[in-house]
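Architecture at a glance
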Amino acid sequence: MGIARLADVIKEEAAEAVSSFPLRQYRDRVIALDASIAIYQFRTATPKLFNRNGENISHLQGLFYRTLHLLENGIKPVFVFDGQPPDLKQPLLARRAEAAGARRDAAESRRAENLPRPLKQDCETLLSYLGVPYVQAPAEAEATCAALVKSGKVWCTATEDMDALPFGSLRLIRHLNSKNNCEVEEFSLPDILQKLGMTQEQFVDLCILLGCDYCGKIWQLGPKKALKLLQQHGTIEQVLQNIDPQKHPLPANWDLEGARRLFLQPEVADPGRITLEWRDPDPEGLVRFLAHEKHMNEARVCRRLQRWQEAQPKPEEAQPKHQAPREGRKQRKLGEFFPASKHARPPEVRGVRARPPGTRGARGMAQGIILC
DNA sequence: ACTCTGCTTCTAGACGGT
DNA sequence: TGAAGCAGAGT
DNA sequence: ACCGTCC
């Protein structure tokens with residue numbers, strides 16, 4: 001859900017902190033993406049795509065297309081997967097689950113938090129074949145994205161919800177879709193703080209008052225009042241002493257300190273122990289996995305891969321490999337991607353998991369690397 | 001006038017041919 | 001699910 | 001740019 005109306009507040013009160021750039025502006029930049037949100041978007045996009053076995057493969061198709069689009073634009077993506085949601089988020093998740101369950105069959109109600117294991121593994125396998133790194137966050141993905149940005153390993157976080165800002169992501173971009181010539185909207189956290197005249201701690205307080213995932217809202221305190229009162233008094237505690245508690249009752253079980261701690265000292269993957277590595281997509285592996293194993297339309301997969309290959313900046317040196325992007329061979333080249341054996345398993349490479357600090361995951365073989 | 005709430009409503013991704 | 005637009009009530 | 005289709 002993110003922070004209610006935060007984007008509106010920023011655009012109104014700190015418009016200078018928001019700019020918009022063409023995608024090409026981000027060439028050669030490392031961008032962290034919240035994998036769960038992206039996958040959730042693909043899964044809910046209409047219509048759902050089913051393969052011949054009745055499995056929903058919207059997420060694979062979406063991830064495949066969008067990632068290639070990013071790569072074609074010279075962007076170096078890194079996907080961050082959600083871990084365990086914080087306890088303070090449980091009430092929200094429960095409400096969500098209940099609402100979804102009441103509305104429809106509970107089967108489809110699972111939100112991206114805690115993606116079903118096979119779904120996530122499919123995505124990891126796909127990313128490995130695409131040569132794109134991914135990171136397992138211990139808790140909220142946005143928090144680890146922010147930590148990566150702060151560490152300098154990543155340029156910005158790309159996400160549709162604004163949580164990354166209170167988590168401390170110095171830059172956040174939205175609307176990073178696959179449309180041609182899409183304009184990306186960039187929020188600069190330092191500029192936001194400067195224009196609002198706030199510290200990061202005060203900004204976090206603002207986000208809590210606006211309404212976050214971790215605790216309820218104060219009745220009758222909306223964006224305008226919250227901002228004004230905070231700028232005036234500095235902290236939520238001070239604000240509370242200057243408003244009528246009768247007219248602005250606190251929600252039950254309001255854990256202000258807990259929410260603050262989740263934003264200011266979140267549990268994140270240690271950027272220092274993360275190695276990000278990109279390599280060329282593996283067309284054969286992709287065809288084998290997407291088309292043969294997951295039964296995505298083979299011609300489409302091949303066509304898209306071919307488009308990617310033709311968009312590659314040609315190395316001036318003669319490429320000894322099969323290539324020759326000449327005209328007239330387009331249709332014929334499809335055959336190159338077909339592996340010899342139809343039922344070949346994907347190579348036993350998978351990003352290593354990254355949980356306990358003791359586990360070193362960095363197997364040299366991993367295609368899609370990671371670890372912490 | 002301003003601001004917050006609650007209600008309604010619509011919409012979601014990407015490709016390819018036209 | 002959310003985001004956007006409108007009605008209405010409280011300040 | 002629009003719109004039907006993707007599986």
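Residues numbered from 1 in each chain as written. Chains lettered and ligands numbered in written order. Predicted model: local features only at pLDDT ≥ 70, side-chain atom pairs only at ≥ 80, totals over all residues. Heavy atoms only, no water.

Quick word on the overall build of chain A
Along the backbone of chain A there are 13 helices and seven strands. Expressed as a percentage of its 372 residues, the buried residues of chain A come to 50%. Across chain A, contacts joining residues at least 24 apart in sequence account for 73% of those joining residues at least 6 apart. When the accessible surface of chain A is summed, it comes to about 18900 Å², and 49% of that surface belongs to carbon and sulfur atoms. (Helix = DSSP H or I, 4+ residues; strand = E, 2+ residues; numbered from the N terminus. Buried < 20%, exposed > 50% of the residue type's maximum accessible area, 1.4 Å probe, protein only. Contact = heavy atoms within 4.5 Å. Areas by Shrake-Rupley, 256 points an atom, 1.4 Å probe, with all protein chains shown as cover.)

Examining unusual backbone geometry
Most peptide bonds take the trans configuration, and most residues that are not glycine carry a negative phi. The phi dihedral of Asp28 falls on the positive side, at around 70°, and the residue is not glycine. Look at Asp28 and you get exposed, because its relative accessible area is 59%. Positive phi, normally seen in glycine, also occurs at Asn253, with a value near 55°.

Some remarks on the pairing of strand E6 (residues 171–174)
Direction of pairing for strand E5 (residues 156–158) relative to E6: parallel, over a ladder of two bridges. Within E6, the position partnered with Ala158 by the bridge is Ile173. Across four bridges, the pairing between E6 and strand E7 (residues 183–188) is antiparallel. Within the sheet, the bridge partner assigned to Ile173 lies in E7 and is Glu186. (Pairing = 2+ DSSP bridges.)

A few points about the protein's contact with DNA strand D
Every residue near DNA strand D is listed here: Pro47, Leu49, Phe50, Asn51, Ile57, Gln61, His295, Asn297 and Arg300. Within 4 Å of the protein, the contacting atoms of DNA strand D are 62% sugar and phosphate, with bases supplying the remainder. Its residues assigned to classes, the surface near DNA strand D comprises four nonpolar, four polar and one charged. (Near = heavy atom within 4 Å. Nonpolar A, V, L, I, M, F, W, Y, C, P; charged D, E, K, R; others polar.)

Quick word on the side chain of Glu142
Within the fold, Glu142 resides in helix H6 (residues 141–151). With relative accessibility at 5%, the residue Glu142 sits in the buried group. At 3.0 Å, the side chain of Glu142 forms a polar contact with the side chain of Thr159. The contacts of Glu142, once residues within four sequence positions are left out, are Asp34, Ile37, Thr157, Thr159, Asp161, Asp163, Ala164 and Phe167. (Polar contact = N/O pair within 3.5 Å; in protein donor to acceptor, adjacent residues only side chain to side chain.)

Focus on H6
Burial analysis of H6 places nine of its 11 residues in the buried class, which makes it a mostly covered element. Turning to H6, its buried residues number three or more, namely Ala141, Glu142, Ala143, Thr144, Cys145, Ala146, Ala147, Leu148 and Val149. Those residues of H6 that are buried lie in contact with strand E2 (30–34), helix H2 (35–44), strand E3 (76–81), strand E4 (134–136), E5 and E6. Among the residues trailing H6, Gly152 stands out with phi positive, at a value near 90°.

Some details on the domain arrangement of chain A
Split by domain assignment, chain A resolves into domain 1 (6–194) and domain 2 (198–264). In this structure, domain 1 and domain 2 have C-alpha centres spaced 26 Å apart. Counting residues at the interface gives 17 residues for domain 1 and 17 residues for domain 2. Across the domain 1/domain 2 interface, buried area totals approximately 1600 Å², and carbon plus sulfur atoms make up 65% of it. Three residues, Leu88, Pro166 and Leu193, lead the burial of domain 1 against domain 2; their summed loss comes to 41% of the area buried on that side. (Domains from an automatic or database assignment. Buried area = accessible area lost by both parts, 1.4 Å probe.)

Some points on the state of the cysteines
Here the structure, examined in full by the defined rule, presents zero disulfides. We note that Cys182 lacks a disulfide partner, and the nearest cysteine sulfur, in Cys156, lies 12 Å from it. Just so you know, Cys207 is unpaired, no disulfide at all, and the nearest cysteine sulfur is the one on Cys212, 8.1 Å from it. (Disulfide = S-S within 2.5 Å.)

Points about the environment of Leu6
Relative to the helices and strands, Leu6 is located in helix H1 (residues 6–13). As for Leu6 and Leu196, which are separated by 190 residues in sequence, their C-alpha atoms are 13 Å apart. Filtering out sequence-adjacent residues up to four positions away, Leu6 remains in contact with Met162, Pro166, Phe203, Cys207 and Leu210.

A few points about helix H7 (residues 189–196)
For H7, the set of buried residues is Leu189, Ile192, Leu193 and Leu196. Each buried residue of H7 lies within a common arc of 95° when the element is viewed along its axis, so the set occupies one face. Each element contacted by the buried residues of H7 is listed here: H1, E7, helix H8 (200–210) and helix H9 (223–233). Positive backbone phi, approximately 65°, marks Gly197, located one or two places after H7. (Arc of directions from axis to C-beta.)

Quick word on the pattern of salt bridges
Inspection of every chain in the model, using the stated rule, returns 13 salt bridges. As a salt-bridge pair, Asp213 and Lys89 come within 3.7 Å of each other at their nearest N and O atoms. Placement of the pair is Asp213 in the loop between H8 and H9 and Lys89 in the loop between E3 and helix H4 (90–103), with a sequence separation of 124 residues. Comparing Asp213 with Lys89, the two get one shared label, buried. Among the salt bridges present, the one from Glu185 reaches Arg174, with a minimum N-O distance of 3.1 Å. Of this pair, Glu185 sits in strand E7 while Arg174 sits in strand E6, and the two are 11 residues apart along the sequence. According to the relative accessible area criterion, Glu185 is buried, its value standing at 12%. Taken together, the shared-partner salt bridges connect Asp205, Glu237, Glu257 and Arg260 into one network. (Salt bridge = Lys/Arg side-chain N within 4 Å of Asp/Glu carboxyl O.)

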